[in-house]
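Below are the chains, spelled out letter by letter.
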Amino acid sequence: MTTTPLVTRKKIKSEFAGSGCLIQAVGLILLFVFPIGTIIGIPLLIYGGISANKLVCKNCGNPVTKAAKICPVCHARFEKGRFGR
Ligand SMILES: [Zn+2]
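Calculation criteria
- Residues numbered from 1 in each chain as written.
- Predicted model: local features only at pLDDT ≥ 70, side-chain atom pairs only at ≥ 80, totals over all residues.
- Helix = DSSP H or I, 4+ residues; strand = E, 2+ residues; numbered from the N terminus.
- Buried ≥ 20, exposed ≤ 12 C-beta atoms within 10 Å, placed from the backbone.
- Pairing = 2+ DSSP bridges.

Even after reading the chapter, I still don't get the overall build of the protein chain, so can you show me in this structure?
Scanning the protein chain for helices and strands turns up 2 helices and 5 strands. Shown N-terminal to C-terminal, the secondary structure of the protein chain runs as helices and strands in the order β-β-α-α-β-β-β. A burial count over the protein chain gives 7% of its 85 residues as buried.

Honestly, the sheet that holds strand β4 (residues 63-64) in this entry has me stumped. Any pointers?
Strands pair in a sheet through their backbones, by hydrogen bonds, and they do so in one of two ways: parallel or antiparallel. The strand order across the open sheet built from 3 strands is β2-β3-β4, with neighbouring strands paired in antiparallel fashion. With one partner strand each, in any of the chains shown, β2 (10-14) and β4 form the two edges of the open sheet. Bridge count between β2 and strand β3 (residues 53-57): 5 bridges; the pairing is antiparallel. When the bridges of β3 are listed, K10 appears paired with C57.

Would you explain the environment of K80 in this entry?
With respect to the secondary-structure elements, K80 resides in the segment after β5 (77-78). C-beta crowding within 10 Å serves as the criterion here: with 9 such atoms nearby, K80 is assigned to the exposed category. Spatially, the C-alpha atoms of K80 and K69 are 8.7 Å apart, while their sequence positions differ by 11 residues.

Sorry, what's going on with unusual backbone geometry here?
Glycine aside, a negative phi is what most residues show, and trans is what most peptide bonds show. Positive phi, normally seen in glycine, also occurs at F34, with a value near 55 degrees. With respect to the secondary-structure elements, F34 resides in helix α2 (residues 34-52). The exposure class of F34 is exposed, given the 9 C-beta atoms found within 10 Å. Not every positive phi belongs to a glycine, and H75 is a case in point at roughly 60 degrees.

Mind showing me how you'd approach the pairing of β3 here?
For β3 and β4, the ladder comprises 2 bridges, and the chain directions are antiparallel. Looking at the pairing, L55 lines up with V64 of β4.

Would you mind showing me how to read the environment of K69 here?
Tracing the chain through its elements places K69 in the loop between β4 and β5. For the pair K69 and K10, spaced 59 residues apart in sequence, the C-alpha to C-alpha distance is 9.6 Å.

What follows is the structure, encoded as structure tokens:
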């Protein structure tokens, strides 16, 4: 147990051409399609907006969840906020 745990940060990666943007586009189109489309379209827009801003591991670039404390790929530990070094 002499290995120093790798510490990294999460990076927000905005995907303008990614799946989140595509979901938003579909949601936007659905807004104009009958009342049912409007009901489905709004959650899609919200979901698309969330997934457009992905958190990725700064060390390896793997997508991580907001709640993740350790990267599942490179096992780097994520620092909390801007505290520490
Ligand atoms: Zn990683």
